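Geometric and topological summary
Chain by chain, the residues:
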Amino acid sequence: MAATLLERFGRRLRVAMIGGGIGSYIGETHAIALRTDGLWDLVAGAFSRTPATNAATARSWLVAPDRTYADHRTLIAGESARADRVDAVIVATRPAGHAEIACDLLAAGFHVICEKPLTDTAAGARRVAAAVAGSGRRLMLTHCYSGYPMVRQAREMVARGDLGRITLVESRFAGGMYAASTPPGSWRVDGTEGGVTALIADLGTHALHLAEFVAGRRITTVGADLARVDPAHVAFDNAYLTLGFDGGARGRCWSTSQAAGATHGLAVTVYGDRGSLAWDHDTPETLWWRAAGEPDRLLTKAGPGATPAATAASRFTAGHPDGYALAFANLYRDFALALLADASGEDPAPYLADLPGVDDGVRTLALVEAAVRSDEAGRPVCIDT
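Right, let's walk through the structure included here.

Calculation rules
- Residues numbered from 1 in each chain as written.
- Predicted model: local features only at pLDDT ≥ 70, side-chain atom pairs only at ≥ 80, totals over all residues.
- Heavy atoms only, no water.
- Core = buried A, V, L, I, M, F, W, Y, C linked by side-chain atoms within 4.5 Å.
- Buried < 20%, exposed > 50% of the residue type's maximum accessible area, 1.4 Å probe, protein only.
- Helix = DSSP H or I, 4+ residues; strand = E, 2+ residues; numbered from the N terminus.
- Contact = heavy atoms within 4.5 Å.
- Expected span 1.5 Å × (residues − 1).
- Pairing = 2+ DSSP bridges.
- Axes fitted to C-alpha atoms, helices over the stretch in contact; angles between N-to-C directions.
- Phe/Tyr/Trp six-rings, centres within 6.5 Å; stacked < 30°, edge-to-face > 60°.
- Lys NZ or Arg CZ within 6 Å of the ring centre and 35° of its normal.

Bringing the nonpolar core into the picture now. Of all hydrophobic cores here, the largest spans 88 residues; its most connected members are W40, V214, V222, L241, V270 and W279. Considering every element that reaches this core, the biggest residue donor is helix α11 (residues 324–344), with 13 residues. In this structure, V222 is in contact with L241, T242, L243, L367, A370, A371, S374, R379, P380, V381 and I383, ignoring residues within four places of it in sequence. Core analysis: the next-biggest nonpolar cluster, separate from the first, contains 33 residues, A16, Y69, F110 and A129 among them.

Right, dumping it as structure tokens:
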């Protein structure tokens, strides 16, 4: 299908990147992911506010000097004037700049691929959502963990009723990135960007999105206990959230940068009245399926019992690991196919079904801000979306 849509379109989709210059881990991740399936060409960008870094990044990715721009405004002006303008633009800057950049790109008629969190505030996220609705363009939010085959398998098993009535949901993103030391300029905790919720928005939105994505239920209430485990941090560096879901399920979500010794720490477990599913990023190729009254089963990526969504997301046969980069690439592939389907007059819905978008960005930031209100009030609060 990908080859057919691409052949019909007649070329690869052209993409630019804002941010992500040399020294940026996330920029290199995007560059690897977008090249994986041969559906995208990175042809333009404004990679850094530092001219030397901007130029060096462009050279390293073979981006022509006349398509290397100083900032997003000159990129919009330059690309809008070209017959071969880019189709989409990646926003890989820090969250505080996302709303302005994304809204300007959408107004100029470009599709947007945005790093998470969508913005640094729920109000900014709603502004982007309004811009998407008024533009006729699409926005993909890179909650990349939703691209893992076994995460999609879990989501599909929940949706088809294997677990029965969903009762409990637990997720966490408990890393130790700042447990031993906090390097200077660590914006996630020093309050310079994103304020007191910067780290929770960075880590916690992944865990909250994963909970809703797999459980297929929306969070409706949040009770929060927020703390600064390291008293030198301006932003909260630990969040314990008690969650209520539509349909009556209860849940917990833990996000922190203070789990000393943890290398990553992302995981989700969903319980129903017929059994449970558990996925852990430390062992991402497997999924525990524990049906009530039956022996535990360890499901393997591309192995027996693989669901259609998991099979489609698996790049290699069982026993051959896919990994983080290909989970990220699955999002790029699905978004490219949705855009190609749009251009061919076909239904893009199958390619959008598992893709995080602007609504996910609005919801996760609304949940973060609800957690702050709950912590201040000392009681659970309802979600504003």
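Another aspect to go through is helix α6 (residues 122–135). In this model, α6 (14 residues) spans 20 Å end to end at C-alpha, consistent with the 20 Å of a helix rising 1.5 Å per residue. Contacts made by the buried residues of α6 are with α5 (98–107), β5 (139–141) and α13 (358–377).

What follows is about the sheet that holds strand β3 (residues 88–92). The strand order β2-β1-β3-β4-β5 describes an open sheet built from five strands, whose pairing is parallel. Because the sheet does not close on itself, it has two edges, and the strands there are β2 (40–46) and β5. Across the sheet, the mean angle separating the axes of adjacent strands is 25 degrees when strand polarity is ignored. As paired elements, strand β1 (residues 13–19) and β2 share six bridges and run parallel to each other. When the bridges of β2 are listed, L13 appears paired with W40. Helix α2 (residues 25–35) rests against β1, β2, β3 and β4 (111–114) of the sheet, and its axis sits at about 175 degrees to β1. Here helix α4 (residues 72–80) sits on the sheet in contact with β1, β2 and β3, set at roughly 125 degrees to β2.

With that settled, the discussion passes to the packing of aromatic side chains. Applying the stated criterion across every chain yields a total of 11 aromatic pairs. Seen from their ring centres, Y25 and Y324 are 6.5 Å apart, and the 20 degrees between their planes marks the pair as stacked. Of the two residues, Y25 sits in helix α2 while Y324 sits in helix α11, which places them 299 residues apart along the sequence. Given a relative accessible area of 57%, Y25 falls into the exposed group. For Y324, a relative accessible area of 22% gives the class partly exposed. Ring centres 5.8 Å apart and planes at 90 degrees place the aromatic pair W40 and Y332 in the edge-to-face group. Of the two residues, W40 is situated in strand β2 and Y332 in helix α11; the sequence distance between them amounts to 292 residues. Here W40 and Y332 have matching classes, each one buried. One cation-aromatic arrangement involves R85 over F110; the distance from NZ or CZ to the ring centre is 4.0 Å.

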